[in-house]
Amino acid sequence: MAVAAPPENAFPLQVLVPKRETGADSFLSKYPDYDGRGVVVAILDTGVDPGAPGLQVTSTGERKVIDCIDASGSGDVNTSHTVTTAPTPLADDGSGPLEIAGVSRRTLKLNGDWKNPTGVWHVGARLLEQIFPKVVNSRVKSREDENEFQKVHAQAVAKAMSDLEKFKTAHPSPSQEEKGEQEELQACVDVLSAAAKKLSMPSPLADVVAFHDGDEWSVAISVSEDGDMTSVEAMLPFRVSGKFATFGGDAMVNYTVDVFDDGDTVSICIPSGSHGTHVAGITAACFPDEPARNGVAPGAQIINIKIGDSRLGTMETGTAFIRAANACIKYKCDVVNLSYGEAAHINNSGYVVNALAALSKKHGITFVSSAGNNGPCLSTVGCPGGSTSTMIGVGAYVSPEMREAQYSLLRKCPGQNYTWSSAGPSTDGNLGVDISAPGGAITSVPTYTLKGNQLMNGTSMSSPNACGCVALILSGLKDNGVPYSPFSIRRALINTAKSVPHSEPFVLGHGLVQVEAAYNWLSSFHDAPERQLWFDVSVSLPHRPVQRGVYLRDGCESLAQPVQVTVTVTPRYPMEHADFAQSQLDLDLRLSLVSTESWVTPCSHLALANASRTIPLSVDTRGLPAGHHYAEVQAFDSANVKRGPLFRIPVTVLVPKRLPEGVFTYTEKLAFNSGEPQRRFFQVPDAATFYDVSVRNCCKNNGRYTLHAIQLEHNAAYNTHELDKTLSFSCGENEETLHSHSALGGAMLELTLTKWWASSDVPGDVEITLTFKSLQNISSASSLLNNTGFQKVLVRNGLGPCYMQPQCSMTHMTYAVMPSDRSTVMPLGERDCDDTGVCQYQLQLTYKLNVPKSHDISPQFRWLSGMLYESDVHGQIWLMYDANKRFVTSGDAFADRYSCKLEKGDYTVKLQVRHHSVQTLEGFKDLPMTVVTKLASPVALDIYESQLDLMQSRHKTTGKHMPTGLIVPLFIKGTNSAVEKLLTSLPKALTSGLVLEGHLSFSKPKSPPSGTGKPTEPDRQPFSVTILASSSSSKASSSSPSSPSSSSPTAAAAKAAPTVTPSPDNKTDGGKADDSKSEEEESNATSTKYQEALRDFNISFITKHGDLSQFSSLAEAYPDHLPLFVAHLTALYNKMESNGVAGAVEVVQAAAKVISMVDVKEMASVLFRKKDNRSDADTLKSGAEKGRAALQDALIKQGLALSKLVNCDKVSSSGSTEADSDEKTAVDSLIESLGGDGDPAKFKTCLVAAWDSAIDTLETWFDLWDKSVLCLSMVNQYYHAKGQNGRAAKAVLKLLDSSTTGMKEEEALCKLLDALDYGHLSAVRRRALHTKYPEDYLPF
């Protein structure tokens, strides 16, 4: 085999972080000292790992990262709990290390060298899985599962199974006693098996101790299971020490700390993802020994500001942005990079947008941000980068060298923007993308990824590249004392950007960044009168909102005359104070206005002083061909045109394809020879409700394409009406794919198809077919009330013939929950004041949520949903906890992104809303929480074509051919068996006001011709069914929430009382009616009913309030009325804990009374009868079930009371008691009732025998492992007392699985596992105690 010749060329390291495309490499060669030194860059992102390669020092040896700030608050630890000791360090007196109690329930042994002159220790704890990135959590847990635990557990299982088999072999016919031993061995096997199935290795729990050493706050963190912190080194805040620490082992997570609120809050700053470190590496990484790997500006320093909340999967929040803005001001940052963004409903507006814009307007900070990765359609720029005037929005460019070195592609292609790079204009007419920069890089990522570097691409990468270019420019300007402003920087970058052939300005912006050209521009024109100001440009068009540019999108093809536009230009200065007074006074610009296209006509000249001026503009769209058109009106200073435009007025016109009258299908064959997108625009017919797009490969070449379609709606984000598909043709010619989507009638549709950027050099030919269709709901009905029966819908076909196949499917159920606790509006701390020192306020609302069975749940606050940057609210976040205060999940403004599968149980949701106005927050105090639950399977409603068919439930519609213009009525039935089944499965109280949400569609579901993909219903529209409560459900819902659960034996026993029960003095004849009753008899009957009603009221009073003052008289009057004695038992049981031994004795005796009143033989004869033809069978069965419930309840309460007496230290084996005389009397009475013949020596024996009897009776009639019977202090202690720890542990495990429990049960199980020599299991469960039962709620 031939050996390949060694390569002649070394790997092009300089392409890993591209610099040639922007001229950064040549600039650094010419000016090596202008490498970013002297420039501070704030990185607002997921957080930067200060231990990642290249992020330790600058090119001059300074510290690279100045500070690490977790602005999200997701790493906060509540350390408000304090412990006070003597001041430290203490003299070594041989007594060992100083010990304090930790919040983690560990005893913390402190380092003797720590200096704490006050002796006040702030302690807290935090589960690391809540702040670790997901990749670390999965790695740490999987490694731990593979360690010694599995080995030890396997040995324990093998031994338990071997012991069981040996016993079975030795005892083939076991005696009753031997059966008990065998059940114990079997229980040990069951315990090990159950523990292995459901055991989850707990996350490491970090103990956190903060203290003040007299000069600064110090923080010590340890994950040691024994609480030993004697060798832990206390950390200073990173801004002070520049040091970070590492959670070692398999985690490899670097972290820093800070302290707030006078020690009550410790912030642990850990990157929530690798994104931010990669961004920082592009901007400013420095490798002194390998400079070819440097970032763009290796001399720059970094402020690491984490805005990606770990609780929200790295989502940014308003709270984080406000804190980040404050940090940028505090550290006097020169430039900010933000590689984040969302689709916003409103441009250049909102509290967060204004706060970030103020960094440039008020504080002279240049702001660079990503334009978004949502292309190729127009108007897909994200917020804030592509929608905010003061920010520099950056698109993503890929060069031939990047394709070769970064992506290892075979073919070379011309440079272009990536396919997905967002395109302007913004929906209010601004260009959106200002410049482009290389959008891919291979550079540093956090150490926890276990990678030295990684390839990433996106405008998230182009933005920090451009930011690094700005840092180079600022470095040179600062070194030479050249004045500048964020606005002159922006103007320079735009005016000197390099154009790229065949690139659209919507995607490229004004061109590629050119560092040296921009630097020279700023150096040459630093004394320009407009250096310190920016120009606000607002555009007014007839019947349209004010915009930042001219954007004619809908209806421009029908304009008969040029559009007359009014443009207002206002010079704005960053600060209104004396320093700028003379500049404002001297401003006197003589501007010449020039259009880049002949179809836009501006006025020729504008004299502009420090005041707003209005100018006319004419846009003549007549004669423009179908497609997209862009022009600019550029304003030049007549005295020095070399400066380039001082401001620009963008003009965008979209002209749609014209379809012949009555034709609603368009077909075109498209040829692709480059990565340039093919855009087509259509004015959607008013009647259209959906469209089909078919794409067919017409050549032998396989290829990857992006199909993107968008319609815009006023004050709605671009993705409101969006179709975005990636098409991969791999089968050659004639391969076809079909996609359908809803249409917004009357609004322009952009349909864009483009080759994927990595294969744009491969020629391709495809045919697209677009068809508009119409099945309109002209009645606009979109909901119904289930008790009204049905909803009539009128459907019209407004376009060509089609087939109607209506479907109405409910996919979710929703209900509203009102706040259970409304806190007072409170001011936030110094950490959350704005740049002027104005304090922000918070409102916290608490909601109680009951989940009746396992469901996917999404809590939503719909008044606040869907807005972040453009919202007037400063910040919002909700956290959910289980009944034990354990954090479960969280969410923020984008409600549809957050759902969680919850198990049955009770949960608490806490919402925090932030605003600077107390009055605004007061208005949110009654904000409802909408609970959205995904149904296990969709519920289809029945649809009929006539009301008569609906009434008789016949001839459900399946489909119908619809000629043009036909109107068909449809009748949607509000309920059917599927709906009733769903409602029956829910608690009655929940069904009142429940809303079923889903969709209504009329078109036939579409499947691709090739058979690939899922059928779609393109014309879906929201539809809902509101469930109104029936009279029975209303009664159910009005019952007291404190009433016992219907699943509990106590509740069932309480319901044993019939509505009317014969009194002992009035016998009845079985309830037969007698129409010939005399008036005296009727009067007696009325009196009897009154007496019984009064009796039942007194019984209910005993049950609810425990008042036994009437019991004696009631018992005398109704000695055989079982519900009375059940209520008596319940009242005594509820007071047992507080009444001590005497209370337990009373319960034993009261339970014995109830047990004696139940005829178990009669009960069994009724309940176990397979067939009962008696006329009163239902009545007998109901009575037997009530008796069974009363028996179960009494046996459980008796067993619990006996358990307490058996294990009570006050009662000795001789029956004597150390209690008072009342308890002595009670015990003596019990001795006699248990058959002790008055002999105290037999008392303990009698108690145990009674306990055995209660358990035996329970096992006779009930499943001892059923959740309604299983009780920790009875079953567990019963088996434990008999030395059967396996059965006791099984009982506790069953109890933990079947109900909401607490620390008591967990601790009992751990003791039993220790007794069984299963220490490996008890150790894991003890470690998990803080996870399951935290001391307090996780803070916001």
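Quick caveat: nothing in here was measured; it's all calculated off a predicted structure.

Each value, and the rule that gives it
Residues numbered from 1 in each chain as written. Predicted model: local features only at pLDDT ≥ 70, side-chain atom pairs only at ≥ 80, totals over all residues. Heavy atoms only, no water. Helix = DSSP H or I, 4+ residues; strand = E, 2+ residues; numbered from the N terminus. Buried < 20%, exposed > 50% of the residue type's maximum accessible area, 1.4 Å probe, protein only. Areas by Shrake-Rupley, 256 points an atom, 1.4 Å probe, with all protein chains shown as cover. Pairing = 2+ DSSP bridges. Axes fitted to C-alpha atoms, helices over the stretch in contact; angles between N-to-C directions. Phe/Tyr/Trp six-rings, centres within 6.5 Å; stacked < 30°, edge-to-face > 60°. Core = buried A, V, L, I, M, F, W, Y, C linked by side-chain atoms within 4.5 Å. Contact = heavy atoms within 4.5 Å. Arc of directions from axis to C-beta. Polar contact = N/O pair within 3.5 Å; in protein donor to acceptor, adjacent residues only side chain to side chain. Parallel < 35°, antiparallel > 145°, perpendicular 65-115°, else oblique. Nonpolar A, V, L, I, M, F, W, Y, C, P; charged D, E, K, R; others polar.

Caption draft 1: Just the overall build of the protein chain, in detail. Within the protein chain, the regular secondary structure consists of 33 helices and 57 strands. Taken across its 1340 residues, the protein chain has 54% of its residues classed as buried. Split by element, the accessible area of the protein chain, about 56,900 Å² in all, is 50% carbon and sulfur.

Caption draft 2: Representation of the sheet that holds strand β10 (residues 245-247) in the model. What the 4 strands build is an open sheet, ordered β3-β12-β11-β10; its pairing is antiparallel. The open sheet has two edge strands, β3 (76-78) and β10, and neither has a second partner. For this sheet, the mean angle separating the axes of adjacent strands, direction not counted, is 40°. Both strand β11 (residues 253-260) and strand β12 (residues 265-269) contribute to a ladder of 5 bridges, which runs antiparallel. Among the inter-strand pairings, Val257 is bridged to a residue of β12, identified as Ile268.

Caption draft 3: Just the packing of aromatic side chains, in detail. Counted under the stated rule, the structure contains 31 aromatic pairs. Relative to Phe772, the ring of Phe682 has its centre 6.4 Å away and its plane inclined at 70°; by these criteria the two rings are edge-to-face. Of this pair, Phe682 sits in strand β33 (residues 678-683) while Phe772 sits in strand β39 (residues 764-773), and the two are 90 residues apart along the sequence. The burial state of Phe682 is the same as that of Phe772; both residues are buried.

Caption draft 4: Main features of the nonpolar core. Core analysis: the biggest nonpolar cluster contains 97 residues, and Leu44 and Ile305 have the highest contact counts within it. Broken down by element, the residue count for this core peaks at 7 residues, all from strand β43 (residues 802-817). Residues in contact with Leu44, not counting those within four places in the same chain, are Ile305, Ile307, Phe321, Ala324, Cys328, Val336, Asn337, Leu338, Ser339 and Tyr340. Membership of the second largest hydrophobic core comes to 54 residues, among which are Val48, Ala285, Leu472 and Ile473.

Caption draft 5: How the structure looks around the pairing of β33. Of all 6 residues in β33, 5 are buried; the element is thus mostly enclosed. With 6 bridges connecting them, β33 and strand β38 (residues 748-755) associate as antiparallel partners. Paired with Phe681 across the bridge in β38 is Glu750.

Caption draft 6: Helix α17 (residues 977-984), seen in detail. Looking at α17, one finds that the buried residues are Val979, Leu982 and Leu983. Take α17 and look down its axis: the buried residues cluster within an arc of 95°, on one side only. The outward face of α17, more than 90 degrees from its buried face, is lined by the exposed residues Ser977, Lys981 and Thr984. Structurally, the start of α17 carries an N-cap: the backbone nitrogen of Ala978 is 3.1 Å from a side-chain oxygen of Asn976.

Caption draft 7: Expanded view of the environment of Thr230. Note that Thr230 resides in the loop between β9 (217-222) and α5 (238-241). In this structure, the C-alpha to C-alpha distance between Thr230 and Gly112, residues 118 residues apart in sequence, is 6.8 Å. Those residues within four positions of Thr230 in sequence are excluded, and the remaining contacts are Pro97, Lys109, Leu110 and Asn111. Within the structure, the side chain of Thr230 is placed 2.5 Å from the side chain of Asp228, a separation counted as a polar contact.

Caption draft 8: Spatial organisation of the sheet that holds strand β4 (residues 81-84). Judged by pairing direction, the sheet is antiparallel, and its 4 strands sit side by side in the order β4-β7-β8-β9 without closing on themselves. Both edges of this open sheet fall to β4 and β9, since each of them pairs with a single strand only. If you compare each strand with its neighbour and ignore which way they point, the axes differ by 30° on average. Sheet analysis places β4 next to strand β7 (residues 120-127), joined by 4 bridges and oriented antiparallel. In the strand pairing of β7, His81 is matched with Val123.

Caption draft 9: Main features of the packing of helix α3 (residues 148-170) against helix α32 (residues 1319-1327). Between α3 and α32, the least distance of the axes is 9 Å, while the angle of their chain directions is 135°. As far as their axial angle goes, α32 and α3 are oblique. Two secondary-structure elements touch here, α3 through Phe149, Val152, His153 and Ala156 and α32 through His1320, Leu1321 and Val1324. For the contact of α3 with α32, the class distribution of residues is 5 nonpolar, 2 polar and no charged.

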